[in-house]
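Structural description and commentary
Here is how the chains run, residue by residue.
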Amino acid sequence: MTPEPDAGFEKFFAREIAPWIDEKEAERKLVLRRALWRALPVIGLGLAAFGASSQMIADEDMRGFALFASVAVMIVGALLLTSVLTWGRNFAEELSAKVFGHFGYEYAPAPPEGFLLPFDRCHLLPGHDRVSLEDHVRGDVDGVPFELAEAFLEKKVRRDKRDDYDLVFRGLVARYRFPKRFSGRTYILGDRGLFNALGHAGAGAERVRLEDPRFEERFEVFSGDQVEARYLLTPAFMERLVRLSDVSGGPMQAAFDGDELLLVIDGRRGYFAQPSPWRDLRRNDHIHAFVEDIAFIREIAEVLKLDTETRV
């Protein structure tokens, strides 16, 4: 279970966030009202034209053209509602910055360019053709610097004679500074047998056999330096990785690269949930899940004991 956030958050929420949300709710209603006043007449006109065209136009070609035009009008009406979505996105970004800031973290809507390169270099992510990254967070946990983001990865497939995309990863990609010094690269991968071996053969990495049966059931380790891999993956640290895998909510992979521990967690869900601009913002049922996800950032460092004093 994810630990409860710090006790001060409820006071912070009541003092800083709730009054601000009250103001934003009044603003949301105004934006929504204006958008509906513009969009609904256009959508209604399109619906009326669609119904009339299907009933009153006998010529098949003319009816098809009229129906197409009616749908186009409805689409234009729907596009007039995008101002609500834009307002909602801006509100979500501002709310995220406030909440993450309370925990001492820096927030940005998207990570910097090249953020995924270390994870791709270590073969931690599945093959993909389309990438969406959001919710970039950075800071430190008890002196351990970290940086993470949400990733949505899709693979192009051919389906019914057209290109389509399948979701292959939806979760967190994170980087934490690791307290031990190392010079090589070691990969901790979900057990995929031959696929793992083929994926890392060209990188000069070989399978590392370890003596923890629970760890070996879940992960395969590859490294260019067998001695260094065992130096990093002590029995205690393997136990912590298994424990983190238990609480992560999805398949997990990791790598030691540079001076960092890279982690990817395929939770198959979105993190840091935000309210919908189509409903009352004062319904704060999403906040608990949001803060639990933030608490998981600290839990990763605490479960793995990455603080500089423990030396893992």
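Reference entry: report on the structure contained in this document.

The rules behind these values
- Residues numbered from 1 in each chain as written.
- Predicted model: local features only at pLDDT ≥ 70, side-chain atom pairs only at ≥ 80, totals over all residues.
- Heavy atoms only, no water.
- Core = buried A, V, L, I, M, F, W, Y, C linked by side-chain atoms within 4.5 Å.
- Buried < 20%, exposed > 50% of the residue type's maximum accessible area, 1.4 Å probe, protein only.
- Contact = heavy atoms within 4.5 Å.
- Helix = DSSP H or I, 4+ residues; strand = E, 2+ residues; numbered from the N terminus.
- Pairing = 2+ DSSP bridges.
- Salt bridge = Lys/Arg side-chain N within 4 Å of Asp/Glu carboxyl O.
- Patch = residues over 30% accessible without salt bridge, like charges linked within 9 Å, V, L, I, M, F, W, Y side chains within 5 Å.
- Areas by Shrake-Rupley, 256 points an atom, 1.4 Å probe, with all protein chains shown as cover.
- Expected span 1.5 Å × (residues − 1).
- Bend = angle between axes of the 7 residues up to and from the residue.
- Lys, Arg positive; Asp, Glu negative; His and termini not counted.
- Charge placed at Lys NZ, Arg CZ, Asp CG, Glu CD.

We now examine the nonpolar core. Formed by 63 residues in total, the largest nonpolar core has its most connected members in Tyr-176, Phe-215, Leu-233 and Ile-297. Ignoring anything within four residues of it in the chain, the contact list for Phe-215 reads Ile-188, Leu-210, Val-221, Leu-233, Met-238, Leu-241 and Val-242. With 18 residues, the next largest nonpolar core counts Leu-153, Tyr-187, Ala-205 and Leu-262 among its residues.

Time to look at the pairing of strand β9 (residues 260-265). The buried count for β9 comes to 6 of 6 residues, which makes it a mostly enclosed element. Side chains of β9 alternate between two faces, with Glu-260, Leu-262 and Val-264 and Leu-261, Leu-263 and Ile-265 buried alike. Pairing of strand β4 (residues 162-177) with β9, which is carried by 6 bridges, proceeds in the antiparallel orientation. Bridging across to β9, Val-173 finds its partner in Val-264. Here strand β8 (residues 252-257) folds back onto β9 in antiparallel fashion, the turn holding 2 residues, of which Gly-258 has a positive phi close to 65°.

With that out of the way, let us pick up the pattern of salt bridges. All chains considered together, the criterion is met by 22 salt bridges. Here Glu-16 makes a salt bridge to Arg-15, at a shortest N to O gap of 3.3 Å. Exposure remark for Arg-15: the relative accessible area of 53% places this residue in the exposed category. For the salt bridge of Arg-121 with Asp-257, the shortest nitrogen-to-oxygen distance reads 2.7 Å. Of this pair, Arg-121 sits in helix α4 (residues 117-121) while Asp-257 is found in strand β8, placing the two residues 136 residues apart along the sequence. Taken together, the shared-partner salt bridges in this structure form one network comprising Lys-24, Glu-27 and Glu-94.

This paragraph deals with a nonpolar patch on the surface. Side chains of Val-71, Ile-75 and Leu-79 sit close together on the surface and give an oily, nonpolar patch of about 260 Å² of accessible area. Inspection of the secondary structure puts Val-71 in helix α2 (residues 60-79).

With that settled, consider helix α9 (residues 285-304). Because the α-helix completes a turn every 3.6 residues, residues three or four places apart line up on one side. Over its 20 residues, α9 runs 30 Å from end to end, which matches the ideal 28 Å to within 8%, given 1.5 Å per residue. Its maximal kink placed at Arg-298, α9 deviates by approximately 30°. A positive backbone phi angle near 50° is found at Lys-305, which sits one or two residues after α9.

This part takes up a positive patch on the surface. A contiguous patch of positive charge on the surface is contributed by Lys-29, Arg-33, Arg-34 and Arg-38. As for its placement among the helices and strands, Arg-33 is situated in helix α1 (residues 8-56). Among the residues examined, Arg-33 registers a relative accessible area of 45% and is labelled partly exposed.

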